[in-house]
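# Structural overview for review
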Amino acid sequence: MAFFDPYQVLGVPSNATDDEVKRAYRNLSRKYHPDANVNNPNKEQAEERFKQIQAAYDQIMKMRQQGFTGQNYGQGNGNPYGNPYGGYRNADGSGGNPFGYGGSGGYQNQEDWYRNMSQGYGRPYSSTGSWCISMLLINLFCNCCCRI
Amino acid sequence: MTFLIVLLSGLYELVGQKESFTCALHPAKKRTAFLNEATDYAADMNLILGYYHLLDDWKDEKNTAKKRMADRLRPDYEKAAARFPKQDEAIRTHLLELAKAEERKETDLDVVSGIFGELLAEIFAWKDDEWHEELHCFGFYLGKFIYLMDAYEDLPHDKKTHAYNPFEPLSRQKSPEEYETLCKCYMTSQISECARSFERLPVLQHAEIIRNILYSGVWSKYEILQKKKQKKK
């Protein structure tokens, strides 16, 4: 799969704020949106570009919400997605994630990463019970850290 | 619906116009209305919801005044339904599903609030475009939150009148402190998913007002209820 740098598509650095990403998206979508190119002889190219812009925006916002800041995006460590739980520390001080998901490495492509990370919406009756259990686990781990 | 107008106006950066009008309920002074595509859409949704609400009241309470109002509203309802048939169908079917869930005294909070969530999701997903899915997600979790908050507020009254309330089994099975903690947890989980969905939308215009509502304003009713409970103690 071809490497896709969403930040490059939107023309923003990887440390851009959310508002800067949104502003870049808005400016580009105004230019390339199909509705703005109805009479453009190159409207197919504009539509294709718009799809790339939309995909780039979606990817950045979803990655950021999963805790991936994109600071190491594109760096050659074999896994461009880093640790989605970046910053989370287990009780022994090692990095990782409390929920048994993939963590760093092991994802062949971004579809695999999304498939593993995807939770919540998409299942209309997603369980609030499991959310509550997750919050209780996080609090438990935080209390363990404080006691060390 | 005002919130829907603000959200859609911010997302689509709609250009509107200002108009002066005389409110039928407040005729002394002319008012200013800000109109755009989103206000027209929200007005149609209000009409459709209002029409079905009147029909429900006629069906449940045999309230003839409500039946007469529904009949008067019918021509406008039909025009709105013709403009937005998908939303009309979704509202009708989900209200029916909700009535069935309440009739069988559904105990699963996710199921019963999810039905209302799906109803609001269809209203929020205005157009079939690149933002359809995200607006659907936003509306879904907001709908669940609204349903649960209303149920939480209505529980004391519903207990007295033996009316259906999805929180009733929980309030019986748990201690008051556990009940309050779990209710807060359930509602927080819904509104936090709603807020996450909002943060994925490229809304810059009106973003701060919307954040104020999502992170603080939605809890106003809850805080008033907590203060009343504290006073009673």
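Preceding this section is the structure that the text describes.
All figures in this text were calculated on a predicted structure; none of them were measured in a lab. (Residues numbered from 1 in each chain as written. Chains lettered and ligands numbered in written order. Predicted model: local features only at pLDDT ≥ 70, side-chain atom pairs only at ≥ 80, totals over all residues. Heavy atoms only, no water.)

## Side note on helix α4 (residues 85-103) of chain B
All names here are of chain B. Stated formally: Runs of H or I in DSSP of at least four residues are treated as helices and runs of E of at least two as strands, each being numbered from the N terminus. Multiplying 1.5 Å by the helix residue count minus one yields the expected span of that helix. For each residue, the accessible area found with a 1.4 Å probe, counting protein chains only, is set against the maximum for its type, and the residue is called buried under 20%, exposed over 50%, and partly exposed in between. The directions considered for the arc are those from the helix axis to the C-beta atoms. The contact rule is simple, with two residues in contact once any of their heavy atoms fall within 4.5 Å.
For α4, built from 19 residues, the straight-helix expectation of 27 Å at 1.5 Å per residue is met to within 8% by its first-to-last C-alpha distance of 27 Å. Regarding α4, the residues found buried are Gln87, Asp88, Ala90, Ile91, His94, Leu98 and Ala101. What you see down the axis of α4 is that its buried residues fit within an arc of 160°, all on one side. Turned more than 90 degrees away from the buried face of α4, the exposed residues are Lys100 and Glu103. Buried residues in α4 make contact with α2 (37-61), α3 (64-83), α5 (109-124) and α6 (132-161). Lys105, located one to two residues past α4, shows a positive phi value of around 55°.

## Quick word on the nonpolar core
The criterion, for reference: Among the buried residues, those of types Ala, Val, Leu, Ile, Met, Phe, Trp, Tyr and Cys that are joined through side-chain atoms within 4.5 Å form a nonpolar core. Residue ranges assigned to each domain were obtained from an automatic or database domain assignment.
Counting residues in each nonpolar core, the largest one holds 75 residues, and the members touching the most others are A:Leu10, B:Phe138, B:Phe167 and B:Met187. Per-element accounting of this core gives the leading share, 12 residues, to α6(B). Summarising the domain contributions, this core has at least three residues from each of domain 1 (34-83) and domain 2 (86-202) of chain B. Contact partners of B:Met187, with chain neighbours within four places excluded, come to B:Phe145, B:Leu148, B:Met149, B:Tyr152, B:Trp219 and B:Tyr222. Core analysis: the next-biggest nonpolar cluster, separate from the first, contains 7 residues, B:Leu98, B:Val112, B:Ile115 and B:Phe116 among them.

## Overview of the environment of B:Phe116
With respect to the element layout, B:Phe116 can be found in helix α5. B:Phe116 has contacts with B:Leu98, B:Gly143, B:Ile146 and B:Tyr147, leaving out every residue within four places of it along the chain.

## Comments concerning the interface of chain B and chain A
Interface size is commonly expressed as the accessible surface area that is lost when the partners come together. How we decide: A simple way to read buried area is as the amount of 1.4 Å-probe accessible surface that goes missing from two parts once joined, with both sides added. In the sections that follow, a salt bridge refers to a side-chain nitrogen of Lys or Arg positioned within 4 Å of a carboxyl oxygen of Asp or Glu.
Taken together, the 33 residues of chain B in the interface contact 25 residues of chain A. Between chain B and chain A the total buried area reaches about 2400 Å² when both faces are included, carbon and sulfur atoms providing 53% of it. When the buried surface of chain B facing chain A is broken down by residue, B:Glu130, B:Arg200 and B:Leu204 rank first, second and third, together holding 22% of it. Here chain B and chain A share 3 salt bridges between them.

## Remarks on the pattern of salt bridges
Tallying each qualifying case throughout the model produces 22 salt bridges over all chains. Two residues, A:Asp18 and A:Arg64, come together in a salt bridge whose shortest N-O distance is 2.7 Å. In this pair, A:Asp18 sits in helix α2 (residues 18-32) while A:Arg64 sits in helix α3 (residues 43-65), placing the two residues 46 residues apart along the sequence. Residue classification places A:Asp18 among the partly exposed residues on the basis of a relative accessible area of 33%. B:Arg74 is the salt-bridge partner of B:Glu78, the closest N and O atoms lying 3.0 Å from each other. Of this pair, B:Glu78 and B:Arg74 both sit in helix α3, 4 residues apart, roughly one helical turn. A single network of salt bridges, built from pairs that share partners, joins A:Lys22, B:Glu199, B:Glu208 and B:Arg211.

## Concerning the packing of aromatic side chains
To describe a pair of aromatic rings, one takes the distance between the centres and the angle between the planes. Counted only if it meets this: For Phe, Tyr and Trp, rings pair up if their centres lie within 6.5 Å, where Trp contributes its six-membered ring, and each pair is then called stacked (planes under 30 degrees apart), edge-to-face (over 60) or tilted (otherwise). We call a charge positioned above a ring when the Lys NZ or Arg CZ atom is no farther than 6 Å from the ring centre and deviates by at most 35 degrees from the ring normal.
Taken as a whole, this structure holds 19 aromatic pairs over all chains when the rule is applied. Aromatic pair B:Phe3 and B:Phe138: ring centres 5.9 Å apart, planes at 15°, arrangement stacked. With B:Phe3 in helix α1 (residues 2-12) and B:Phe138 in helix α6, this pair connects stretches of sequence that are 135 residues apart. B:Phe138 carries the same exposure label as B:Phe3, and that label is buried. Ring geometry for B:Tyr41 versus B:Phe84: centroids 4.9 Å apart, planes at 80°, classification edge-to-face. Pair noted here: B:Tyr41 is in helix α2 and B:Phe84 is in the loop between α3 and α4, with a separation of 43 residues, a long-range link. Since its relative accessible area comes to 1%, B:Tyr41 is described here as buried. Judged by its relative accessible area of 16%, B:Phe84 falls in the buried class. A network of ring pairs unites the aromatic residues B:Phe145, B:Tyr152, B:Phe167, B:Tyr179, B:Trp219 and B:Tyr222 as a single cluster. Just above the ring of B:Phe198 sits the side chain of A:Lys22; from NZ or CZ to the centre is 6.0 Å. Seen from the ring of B:Trp58, B:Lys62 lies directly overhead, with NZ or CZ sitting 5.1 Å from the centre.

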